Amino acid sequence: MTGSSTFEWLCAALEARTSMSKLEARGTVRLVLRDVGLDPSTVTPRQMLVVIERLLGAALAKRKVDQAAELCQALMRELDSVAASQTEAREDTAYDLFDRLESDSTRRGRK
Amino acid sequence: MTALSVAGLVLSMLASLVVGSRVLGLWWRTRKLPELLLAVATLCVGFIAYAVGTAGKILVEGTQDQRALFTLIGLSVECIGHVALVAFSWRVFRPREAWAGGLAGTLTALIAVALAGEIVSGELLRYSDMIPISGPWVPFGLAARGAAPTWMALECFHLHHKLRLRQRIGLADPLVVNRVLLWGVAIGCPALGFAVSIAHRLVYGTGLRAHVWALSTVSLLATTSAVALSLAFFPPKVYRRWLEERPGPAPRA
């Protein structure tokens, strides 16, 4: 599952399981991602799991979605299993690069 | 004061040499393009170009041809470094965006045109003597080359802002978030140095060496850059602990 397909998957799931339209579902997810500095085109399943767990419930409740917490739990379980079954190579991001830009000696002292 | 200013520039050169070499070593292990581009940029702009350019000013008191040769080599190396920096900003921060590819191509072309203009007009020698400039090529060249660190610094600050937001929900390591900011500062300082240099050329026509205040300003920027670069690559234990223990950004309500 790629970054963009994670976003598409979540939007499609919300559209199918709530009364939100396609536009509302995509807008809701986009706003939640923007609030935590994530980009829909690069968000990974692992990042999306954290977003669903910590932020999506409140955003859905604000939009009067019934049983938002239960829905988020179900989405997390599904995303977890979908992500686990995918073996695509992950894209090297700017964050990954800056994570590597450290002297070996200080990195060893940290781990 | 002049000695202190020179010390700041030497410190910056040493930091660039050490960090650039270590990033090159990192590339040797990872074989990833961003590491190579950053190593080339850091070594070429921060160390080799300075060293050759300074040699042109200090060591060669002989013919104009010798001075021109040293200056040409130094400036060409600097251009290679800035093109590497432009490619780095494009590939690392905006690999999927067409406008970024266009901007990278445009800046590369501007850097090449500026270098050609400086050589053909003979204004190249104004970097190694104290004669005022007599055309637009030197300020144009400084602006074209200065755009490279400016772009990267802006991208670093933008990424830092996004990573601070991610840090709120535990999706970014505070040390990496701070490292992005430090690289932004380390690269942003030379960008400001270019701005000072352009302003000085436009007002006085000569290089920064003509005024101690101008040399001191650039030296202060170079020292800040060296400290930021060193902290980014060799964060001391006490600094790492401070970053990890200080309260993170408050979650948004």
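Up top you'll find the structure we're talking about.
This text gives an overview of the structure that appears in the document. None of these values were measured; they are calculated from a predicted model.

1. Side note on unusual backbone geometry
It is generally the case that most residues other than glycine have a negative phi and that most peptide bonds are trans.
Residues and elements named next belong to chain A.
Turning to step 1, where the next piece is worked out: The phi torsion at Lys64 lies on the positive side, around 60°, for a residue other than glycine.
Turning to step 2, where the next piece is worked out: As for its position among the elements, Lys64 is in the loop between helix 3 (45–62) and helix 4 (68–85).
Turning to step 3, where the next piece is worked out: Classification of Lys64 by relative accessible area gives exposed; the value is 71%.
Turning to step 4, where the next piece is worked out: Notably, Gln67 is not glycine yet its phi reads approximately 50°, a positive angle.
Turning to step 5, where the next piece is worked out: Structurally, the position occupied by Gln67 is in the loop between helix 3 and helix 4.

2. With respect to the interface of chain A and chain B
The extent of an interface is frequently quoted as the accessible surface area lost upon association of the parts.
Turning to step 1, where the next piece is worked out: On the side of chain B, 37 residues touch chain A, which itself brings 29 residues to the contact.
Turning to step 2, where the next piece is worked out: Here chain A is connected to chain B by 2 salt bridges.
Turning to step 3, where the next piece is worked out: The salt bridge involving Glu102 of chain A is made with Arg179 of chain B; its shortest N-O contact spans 2.7 Å.
Turning to step 4, where the next piece is worked out: At the level of secondary structure, the elements contributing two or more residues to the side of chain A that touches chain B comprise helix 2 (22–35), helix 3, helix 5 (94–100) and helix 6 (104–110) of chain A.

3. Things to note about the side chain of Glu123 of chain B
Turning to step 1, where the next piece is worked out: By secondary structure assignment, the location of Glu123 of chain B is in the loop between helix 4 (98–121) and helix 5 (137–167).
Turning to step 2, where the next piece is worked out: Leave out the neighbours within four places in its chain, and Glu123 of chain B touches Glu118, Ile133, Ser134, Gly135, Trp137 and Val138 of chain B.

4. Side note on helix 2 of chain A
Along an α-helix, residues three or four apart share an orientation, since each turn contains 3.6 residues.
Residue and element names in this part refer to chain A.
Turning to step 1, where the next piece is worked out: Taking 1.5 Å of rise per residue, the 14 residues of helix 2 would be expected to cover 20 Å, and the 20 Å separating its terminal C-alpha atoms lies within 8% of that figure.
Turning to step 2, where the next piece is worked out: For helix 2, the set of buried residues is Ala25, Thr28, Val29, Val32 and Leu33. All buried residues of helix 2 lie within an arc of 125° about the axis, which places them on one face of the element. Seen from the buried face of helix 2, the exposed residues on the opposite side, beyond 90 degrees, are Leu23 and Arg34.
Turning to step 3, where the next piece is worked out: Remark: Gly37 follows helix 2 within two positions and exhibits a positive phi of approximately 70°.

5. Quick look at the nonpolar core
Nonpolar side chains in soluble globular proteins tend to end up buried together.
Turning to step 1, where the next piece is worked out: In this structure, Phe98 and Leu101 of chain A together with Phe88, Phe93, Met152 and Trp183 of chain B are the most contacted members of the largest nonpolar core, which totals 44 residues.
Turning to step 2, where the next piece is worked out: Those residues within four positions of Phe88 of chain B in sequence are excluded, and the remaining contacts are Leu97 of chain A together with Pro34, Leu37, Leu38, Phe93 and Met152 of chain B.
Turning to step 3, where the next piece is worked out: Trp9, Val51 and Ala59 of chain A together with Ile169 of chain B belong to the second largest nonpolar core, which has 31 residues in total.

6. Some details on the layout of surface pockets
Residue and element names in this part refer to chain B.
Turning to step 1, where the next piece is worked out: When its volume is computed, the largest pocket comes out at roughly 1,300 Å³.
Turning to step 2, where the next piece is worked out: As for the largest pocket, its lining consists of 46 residues, and the residues nearest its centre are Leu9, Tyr50, Lys57, Glu78 and Val218.
Turning to step 3, where the next piece is worked out: Contributions of two or more residues to the lining of the largest pocket are made by helix 1 (2–30), helix 2 (33–58), helix 3 (64–93), helix 5, helix 6 (174–204) and helix 7 (212–233).
Turning to step 4, where the next piece is worked out: By residue class, the composition of the lining of the largest pocket is 27 nonpolar, 14 polar and 5 charged.
Turning to step 5, where the next piece is worked out: When its volume is computed, the second largest pocket comes out at roughly 790 Å³.
Turning to step 6, where the next piece is worked out: At 5 residues, helix 5 tops the list of elements feeding residues into the lining of the second largest pocket.
Turning to step 7, where the next piece is worked out: Classifying every residue of the lining of the second largest pocket by side-chain character gives 12 nonpolar, 7 polar and 13 charged.

7. Overview of the packing of aromatic side chains
Turning to step 1, where the next piece is worked out: Following the criterion strictly, the structure yields 7 aromatic pairs over all chains and no others.
Turning to step 2, where the next piece is worked out: When the ring of Phe88 of chain B is compared with that of Phe93 of chain B, the centres are 6.1 Å apart and the planes differ by 80°; the resulting orientation is edge-to-face. Each member of the pair, Phe88 of chain B together with Phe93 of chain B, is buried.
Turning to step 3, where the next piece is worked out: Ring pairing ties together the aromatic residues Phe98 of chain A together with Phe88 and Phe93 of chain B, which thus form one cluster.
Turning to step 4, where the next piece is worked out: Above the face of the Trp27 of chain B ring, Arg31 of chain B is positioned so that its terminal group lies 4.8 Å from the ring centre.

What counts as what
- Residues numbered from 1 in each chain as written.
- Chains lettered and ligands numbered in written order.
- Predicted model: local features only at pLDDT ≥ 70, side-chain atom pairs only at ≥ 80, totals over all residues.
- Heavy atoms only, no water.
- Helix = DSSP H or I, 4+ residues; strand = E, 2+ residues; numbered from the N terminus.
- Buried < 20%, exposed > 50% of the residue type's maximum accessible area, 1.4 Å probe, protein only.
- Contact = heavy atoms within 4.5 Å.
- Salt bridge = Lys/Arg side-chain N within 4 Å of Asp/Glu carboxyl O.
- Expected span 1.5 Å × (residues − 1).
- Arc of directions from axis to C-beta.
- Core = buried A, V, L, I, M, F, W, Y, C linked by side-chain atoms within 4.5 Å.
- 1 Å grid on protein atoms, 1.4 Å probe; cavity = no way out; pocket = protein on both sides within 12 Å on 5 of 7 lines; lining within 4 Å.
- Points joined across faces, edges and corners; volume = space filled by probe spheres on them.
- Nonpolar A, V, L, I, M, F, W, Y, C, P; charged D, E, K, R; others polar.
- Phe/Tyr/Trp six-rings, centres within 6.5 Å; stacked < 30°, edge-to-face > 60°.
- Lys NZ or Arg CZ within 6 Å of the ring centre and 35° of its normal.

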